[in-house]
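Secondary and tertiary structure notes
Below, each chain spelled out in residue letters.
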Amino acid sequence: MKIAITGVTGSIGTQTLDVLRFLKKKNFNFELVGISAGKNKNRLIEIIKEFSPKYASLEFGEIEKFNETQIFIGKDSTIKMLEKADPDFVLVATGGSVGIKHTLKAIEIAKRIGLANKESIVCGGDMLFEYAKKYNTEIIPVDSEHSALFQLEKGDVKPSKIIITASGGALRDWPLNKLNNVTVKDVLNHPVWSMGKRITIDSATMVNKGLEVIEAYYLFNLKKENINVLINRNSHIHAIIGYPDGVMKFHYGIPDMKNPIAYSITYPDRLYEYKYPDLILEPIIFEKIDYNRYPSLKLAFDILGNQKLQIVYNAADEISVQMFLNGEIRYTEIYKSIYQAIEYFDKKRIQINNFDDIISLDNKVKEYLINLYTL
Ligand SMILES: NC(=O)C1=CN([C@@H]2O[C@H](COP(=O)(O)OP(=O)(O)OC[C@H]3O[C@@H](n4cnc5c(N)ncnc54)[C@H](OP(=O)(O)O)[C@@H]3O)[C@@H](O)[C@H]2O)C=CC1
Ligand SMILES: CC(=O)[C@@H](O)[C@H](O)COP(=O)(O)O
Ligand SMILES: [Mn+2]
């Protein structure tokens, strides 16, 4: 199996390399033919040294040819790398809506993609799955809750209810009147997972869960009323599927992204190995969502199914999180910005007929919010 990884220098990319090291020891037959990065040149070189992929790419920065690896540089270099590498499987681990084009190219050239880039589903909606059908490419979700749902639904009737869980994020026990002054460091201190900065902040606001509700809606072709969210603080329950006969199936495991990553590569086999959780020390406890604390999640349910507003929701969050990380806005202004962008663009007559329209709207939303805060 020829494998390529986009966003190889990030959290998911790094864990994908861990999985490949493990699979290599299990004599799983693969070749890492292509890797892509954004701006982390030194990390990319380290990976090239260890794995000697035929092709690599770096979107931002300069890098010479390295050993036998041909390296593409600059705009759309990830796309060029994928075209040359011609992999059978692509793990799309790019962060942000910039990953949409990576997903589309991966769909065009590979037989299967492990899709971590949830933005592709949130913004692409049904268009993305129609595109995958046109190219006869399998999409296996890597997002932990959606991998869990994918694993649970196999071999059974259509679920009448799904539940995805949330940890509650780093600020889950902070008094609401203190949220206005939290620091970036406070928000990045996730109680369970070690992830990239944006998704960690999205976990605290529950924009991540909002994105995941949208992701589940399209991935599993669900009705809004059949999608539920509960807090499971230790993130040992990743998802639950309920059936009309009242039976519920739980996906329970130690929080570890290497499981969904490995599963997307080896499905239908399970080759990854890990220890069992301690059922005594790790009790199964759920809590309801407090929409006062997490208004972003309520907003996601309100726009669910409206592709234009889903694109706005994601883009507004992406740029607002960046502005929060830059110290330009407060934590509580992330939600306000998303809400304001949705209010503004909801009134605009914008048609989404193709993927270029998605990217164009994504850019417009980001420009709108940057102007709002800089002018
Ligand atoms: N981390 C996690 O546990 C989970 C992540 N996900 C999803 O997976 C995706 C990646 O998340 P995560 O790994 O946390 O993010 P990170 O921020 O850790 O990594 C993002 C990756 O994307 C690369 N990248 C950014 N911009 C570009 C670009 N223009 N061209 C090429 N590469 C680019 C970065 O490169 P560089 O660093 O070199 O700039 C980096 O390798 C997201 O969609 C996220 O929602 C889903 C579930 C869990
Ligand atoms: C590991 C993973 O899938 C992340 O999406 C995780 O779920 C984020 O934490 P929250 O569940 O708190 O959003
Ligand atoms: Mn998730």
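All figures in this text were calculated on a predicted structure; none of them were measured in a lab.

**Some words on the site of ligand 2**
Surrounding ligand 2, one finds 17 residues, the nearest of these being Ser 144, Glu 145, Ser 167, Ser 203 and Glu 212. In this structure, Glu 145 approaches ligand 2 through a side-chain N or O atom, which is 2.5 Å from an oxygen atom. The separation between an oxygen atom of ligand 2 and a polar side-chain atom of Ser 167 is 2.5 Å. Against a free-state accessible area of 350 Å², the protein chains account for coverage of 97% of ligand 2. It is helix 10 (residues 207-219) that provides the largest number of residues to the shell around ligand 2, a total of three residues. Classifying every residue of the shell around ligand 2 by side-chain character gives five nonpolar, seven polar and five charged.

**Thoughts on the domain arrangement of the protein chain**
Domain boundaries in the protein chain define domain 1 (2-141) and domain 2 (156-256 + 287-374). The C-alpha-based centres of domain 1 and domain 2 are spaced at 24 Å. Taken together, the contact pairs 20 residues of domain 1 with 26 residues of domain 2. Note on domain 1 versus domain 2: buried area summed over both sides is about 1,800 Å², and carbon and sulfur give 70% of it. Of all residues in domain 1, Lys 118, Val 122 and Met 127 bury the most surface against domain 2, accounting for 35% of the area lost on that side.

**Some words on the site of ligand 1**
Neighbouring ligand 1 are 27 residues, the closest being Thr 9, Lys 39, Asn 40, Glu 59 and Glu 119. Between ligand 1 and the protein, one listed contact pairs an oxygen atom with a backbone N or O atom of Ala 116 at 3.4 Å. Backbone polar atom of Gly 196 to an oxygen atom of ligand 1: 3.0 Å apart, as the coordinates give it. Here ligand 1 has 890 Å² of accessible area as a free molecule, and 86% of this is covered by the chains. Taken together, the elements giving at least two residues each to the shell around ligand 1 come down to helix 1 (11-25) and helix 5 (118-124). Of the residues belonging to the shell around ligand 1, the class tally is 10 nonpolar, 12 polar and five charged.

**Regarding the nonpolar core**
One finds Tyr 313 and Tyr 331 to be the most contacted residues of the largest nonpolar core, which totals 88 residues. Ile 3, Leu 17, Ala 56 and Trp 193 belong to the second largest nonpolar core, which has 35 residues in total.

**Remarks on the layout of surface pockets**
There is about 460 Å³ of room inside the second largest pocket. The wall of the second largest pocket is formed by 23 residues, among which His 251, Gly 253, Asn 259, Arg 270 and Tyr 274 lie closest to the centre. Within the residue set of the lining of the second largest pocket, elements represented by two or more residues are helix 7 (144-153), strand 11 (248-252) and helix 11 (258-266). Ranked by residues supplied to the lining of the second largest pocket, first place goes to helix 11 with five residues. Of the residues contributing to the lining of the second largest pocket, the split by class is 11 nonpolar, eight polar and four charged.

**Description of the sheet that holds strand 2 (residues 31-37)**
Spatially, 4-3-2-1-5-6-7 is the arrangement adopted by the seven strands of the open sheet, whose pairing is parallel. The open sheet has two free edges, formed respectively by strand 4 (70-73) and strand 7 (138-141), since each of these has just one partner strand. Sheet twist, expressed as the average angle between the axes of neighbouring strands with direction ignored, equals 15°. Pairing between strand 6 (residues 112-115) and strand 7: four bridges, direction parallel. By the bridge assignment for strand 7, Ile 113 is matched with Ile 139. Together, strand 1 (2-6), strand 5 (89-92), strand 6 and strand 7 form the strand contacts of helix 4 (residues 99-109), whose direction differs from that of strand 5 by roughly 170°.

**Re the pairing of strand 5**
Side chains Phe 89 and Leu 91 of strand 5 all project onto a buried face; the interleaved residues Val 90 and Val 92 project onto the opposite face, where all are buried too. Where strand 1 lies against strand 5, four bridges are found, and the strand directions are parallel. Within strand 5, the position partnered with Thr 6 by the bridge is Val 92. As paired elements, strand 5 and strand 6 share four bridges and run parallel to each other. By the bridge assignment for strand 6, Phe 89 is matched with Arg 112. Between the parallel pair strand 5 and strand 6, the chain is carried across by helix 4, and the sense of this crossover is right-handed.

Cut-off values and rules
- Residues numbered from 1 in each chain as written.
- Chains lettered and ligands numbered in written order.
- Predicted model: local features only at pLDDT ≥ 70, side-chain atom pairs only at ≥ 80, totals over all residues.
- Heavy atoms only, no water.
- Near = heavy atom within 4 Å.
- Polar contact = N/O pair within 3.5 Å; in protein donor to acceptor, adjacent residues only side chain to side chain.
- Areas by Shrake-Rupley, 256 points an atom, 1.4 Å probe, with all protein chains shown as cover.
- Helix = DSSP H or I, 4+ residues; strand = E, 2+ residues; numbered from the N terminus.
- Nonpolar A, V, L, I, M, F, W, Y, C, P; charged D, E, K, R; others polar.
- Domains from an automatic or database assignment.
- Contact = heavy atoms within 4.5 Å.
- Buried area = accessible area lost by both parts, 1.4 Å probe.
- Core = buried A, V, L, I, M, F, W, Y, C linked by side-chain atoms within 4.5 Å.
- Buried < 20%, exposed > 50% of the residue type's maximum accessible area, 1.4 Å probe, protein only.
- 1 Å grid on protein atoms, 1.4 Å probe; cavity = no way out; pocket = protein on both sides within 12 Å on 5 of 7 lines; lining within 4 Å.
- Points joined across faces, edges and corners; volume = space filled by probe spheres on them.
- Pairing = 2+ DSSP bridges.
- Axes fitted to C-alpha atoms, helices over the stretch in contact; angles between N-to-C directions.
- Right-handed = clockwise from strand over helix to strand, strands pointing away.

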